[in-house]
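# Report on the structure
As a plain string of letters, each chain reads:
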There are 2 protein chains.
Amino acid sequence: MAEVTIGMASKLTEIKIPTIRYYEEIGLISPRARTESNRRLYAETDLSRLRFIRHARELGFDIEAIRAMINLQAHPEKSCSEIDQIANKHLADVNRRIAGLQALKRELSRMIEGCNCGRIDECRIIEVLQDHGQCKNDHSHMNEKFK
Amino acid sequence: MAEVTIGMASKLTEIKIPTIRYYEEIGLISPRARTESNRRLYAETDLSRLRFIRHARELGFDIEAIRAMINLQAHPEKSCSEIDQIANKHLADVNRRIAGLQALKRELSRMIEGCNCGRIDECRIIEVLQDHGQCKNDHSHMNEKFK
DNA sequence: TCTTGATCCTCTAGTCACTAGAGATATTAG
DNA sequence: CTAATATCTCTAGTGACTAGAGGATCAAGA
């Protein structure tokens with residue numbers, strides 16, 4: 001199969017054109033072949049890497065984790081335990097996020113239940129938000145990831 | 001109680017100093033009283049609003065939702081159904097995020113289980129990430145919030 | 001062959017919700 | 001009086017893109 005332009009690569013991988021260029025800029029894909037008129041050309045291996053990046057991003061891996069995995073792929077003879085570690089770390093993170101969101105859901109539900117849609121000056125939602133003491137769940141442990 | 005400086009306000013509300021200034025910049029808290037030497041002074045009502053903002057942020061409301069709620073608080077005679085609506089919209093969003101993360105968790109788990117930590121060139125994690133076809137869960141519906 | 005429209009290029013700036021740092025001034029404790 | 005701490009404003013950086021300007025190139029139809 002011949003090489004394709006960025007527009008075609010975008011269609012095939014479902015990654016937007018500026019995003020593909022961005023991935024190149026930050027070094028996730030190595031400098032491309034170009035046409036005489038300086039247009040990027042992508043081969044099947046490039047598309048494959050782009051799909052890898054896209055799927056990993058969809059699964060919530062951050063760019064640095066993806067970069068690490070790509071670097072590891074450059075040494076196929078090594079053990080894949082490092083990749084396994086990255087995936088496990090990410091799974092743990094996902095589990096923490098789920099737990100955080102579920103606590104959040106409970107609190108939101110309780111807050112909404114308490115609201116009988118009267119006047120704002122007797123609104124339970126505002127009350128709860130204003131007075132942290134009314135909050136039964138301690139989510140001070142929550143970090144950015146949960147929010 | 002007397003008015004306090006930004007450092008004290010920061011301690012009392014557990015919001016970092018630059019963040020308080022940022023909230024002022026974007027108009028979440030109205031222009032402060034200042035000392036003769038131009039230092040910000042916060043009264044109890046200001047602290048109350050800061051706590052409201054902090055708690056709402058912790059619960060994942062975005063700045064615009066918080067701004068809307070603050071504007072509604074300025075009209076305490078109105079019905080609080082709008083606030084209820086904001087909270088319900090947010091709850092629905094939280095539910096979607098939980099569902100997305102749970103799908104993600106299933107996929108990550110399956111991926112990790114399949115990995116027997118051999119050589120990278122036979123790593124199931126990389127395989128799965130490279131070939132979307134192997135993925136049983138369709139998470140194309142997932143938006144940024146889930147990632 | 002000319003022209004039109006689609007595609008591509010690079011570069012800069014904007015998004016969100018902060019966070020960090022520079023350099024200057026002011027207050028407080030000893 | 002001095003030194004340490006707290007505050008001020010302003011600018012720039014974060015992550016992972018997204019949007020737009022302004023210009024070059026390509027493919028297809030007249």
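Being a predicted model, the structure only gives us computed values, none of them experimental.

### A closer look at the overall build of chain A
A tally of helices and strands in chain A yields 6 helices and 2 strands. The linear arrangement of helices and strands in chain A, starting from the amino end, is α-α-β-β-α-α-α-α. Counting across all 147 residues of chain A, residues that qualify as buried make up 44%. The contacts in chain A between residues at least 6 apart in sequence include a share of 47% that link residues at least 24 apart. About 7900 Å² of surface is accessible on chain A, with carbon and sulfur atoms providing 49% of the total.

### Describing the protein's contact with DNA strand C
Within the structure, DNA strand C sits among 18 residues, and Gly 7, Arg 21 and Arg 40 of chain A together with Ser 37 and Arg 57 of chain B are positioned closest to it. For DNA strand C, the fraction of atoms within 4 Å of the protein that belong to sugar or phosphate moieties is 86%. For DNA strand C, a phosphate oxygen lies 2.8 Å from a polar atom in the side chain of Thr 19 of chain B. Interatomic distance of 3.5 Å between a backbone N/O atom of Ile 63 of chain B and a phosphate oxygen of DNA strand C. When residues of the surface near DNA strand C are traced back to their parent elements, those giving at least two are helix H1 (6–13) and helix H2 (17–25) of chain A together with helix H2 (17–25) of chain B. With 3 residues, H2 of chain B is the largest single contributor of residues to the surface near DNA strand C. Partitioning the surface near DNA strand C into residue classes produces 5 nonpolar, 5 polar and 8 charged.

### A word on the packing of aromatic side chains
One pass over the structure, following the stated rule, counts 2 aromatic pairs over all chains. Measuring from ring centre to ring centre gives 5.9 Å for Tyr 22 of chain B and Tyr 23 of chain B, while their planes differ by 45°; the resulting arrangement is tilted.

### Points about the protein's contact with DNA strand D
With respect to spatial proximity, 18 residues lie near DNA strand D, and among them Ser 37 and Arg 57 of chain A together with Thr 5, Arg 21 and Arg 40 of chain B are the closest. Backbone atoms, meaning sugar and phosphate, make up 80% of the atoms of DNA strand D lying within 4 Å of the protein. Taking Tyr 23 of chain A, its side chain carries an N or O atom lying 2.8 Å from a phosphate oxygen of DNA strand D. The set of elements that each furnish at least two residues to the surface near DNA strand D consists of H2 of chain A together with helix H1 (6–13) and H2 of chain B. Broken down by element, the surface near DNA strand D gets its largest block of residues, 3 residues, from H2 of chain A. Tallied by class, the residues present in the surface near DNA strand D amount to 5 nonpolar, 5 polar and 8 charged.

### Side note on the nonpolar core
One finds Tyr 42, Phe 61 and Ile 66 of chain A together with Tyr 42, Phe 61 and Ile 66 of chain B to be the most contacted residues of the largest nonpolar core, which totals 80 residues. Once residues lying within four places of it in the same chain are set aside, the contact partners of Tyr 42 of chain A are Ala 2, Glu 3, Val 4, Thr 5, Ile 6, Ala 9, Ile 20, Glu 24, Ile 29, Arg 32, Leu 47 and Leu 50 of chain A.

### Observations regarding the side chain of His 90 of chain B
Note that His 90 of chain B resides in helix H5 (residues 81–114). If sequence neighbours within four positions are ignored, His 90 of chain B has contacts with Leu 108 of chain A together with Leu 59, Gly 60, Phe 61 and Arg 97 of chain B.

### Here we look at H1 of chain A
One turn of an α-helix holds 3.6 residues; hence residues three or four places apart share an orientation. All names here are of chain A. Turning to H1, its buried residues number three or more, namely Ile 6, Ala 9, Ser 10 and Thr 13. One side of H1 holds all its buried residues, which, seen down the axis, span an arc of 105°. Close packing links the buried residues of H1 with H2, strand E2 (40–41) and helix H3 (44–58). Glu 14 sits one or two positions beyond H1 and adopts a positive phi of about 60°.

### Let's talk about the packing of H1 of chain B against helix H3 (residues 44–58) of chain B
All names here are of chain B. Two elements in contact, H1 and H3, have axes separated by 10 Å at closest approach and are oriented at 45°. In terms of axis orientation, H1 runs oblique to H3. Note that H1 runs across H3; the crossing there is right-handed. The residues of H3 that touch H1, namely those facing Ala 9, Leu 12 and Thr 13, are Leu 47, Leu 50, Arg 51 and Arg 54. Here the residues of the contact of H1 with H3 are counted per class, giving 4 nonpolar, 1 polar and 2 charged.

### Some remarks on the pattern of salt bridges
The final tally for this structure, using the stated rule, is 12 salt bridges over all chains. Here Arg 34 of chain A and Glu 24 of chain A are joined by a salt bridge, their closest N and O atoms 3.5 Å apart. Placement of Arg 34 of chain A in strand E1 (residues 33–34) and of Glu 24 of chain A in helix H2 is noted, with a sequence separation of 10 residues between them. Judged by its relative accessible area of 17%, Glu 24 of chain A falls in the buried class. Between Glu 24 of chain B and Arg 40 of chain B there is a salt bridge, with its nearest N and O atoms 2.8 Å apart. Of the two residues, Glu 24 of chain B sits in helix H2 while Arg 40 of chain B sits in strand E2 (residues 40–41), which places them 16 residues apart along the sequence. The exposure class assigned to Arg 40 of chain B is buried, which follows from its relative accessible area of 19%.

Definitions and limits used
- Residues numbered from 1 in each chain as written.
- Chains lettered and ligands numbered in written order.
- Predicted model: local features only at pLDDT ≥ 70, side-chain atom pairs only at ≥ 80, totals over all residues.
- Heavy atoms only, no water.
- Helix = DSSP H or I, 4+ residues; strand = E, 2+ residues; numbered from the N terminus.
- Buried < 20%, exposed > 50% of the residue type's maximum accessible area, 1.4 Å probe, protein only.
- Contact = heavy atoms within 4.5 Å.
- Areas by Shrake-Rupley, 256 points an atom, 1.4 Å probe, with all protein chains shown as cover.
- Near = heavy atom within 4 Å.
- Polar contact = N/O pair within 3.5 Å; in protein donor to acceptor, adjacent residues only side chain to side chain.
- Nonpolar A, V, L, I, M, F, W, Y, C, P; charged D, E, K, R; others polar.
- Phe/Tyr/Trp six-rings, centres within 6.5 Å; stacked < 30°, edge-to-face > 60°.
- Core = buried A, V, L, I, M, F, W, Y, C linked by side-chain atoms within 4.5 Å.
- Arc of directions from axis to C-beta.
- Axes fitted to C-alpha atoms, helices over the stretch in contact; angles between N-to-C directions.
- Parallel < 35°, antiparallel > 145°, perpendicular 65-115°, else oblique.
- Left-handed = near helix turned anticlockwise from the far one by under 90°.
- Salt bridge = Lys/Arg side-chain N within 4 Å of Asp/Glu carboxyl O.

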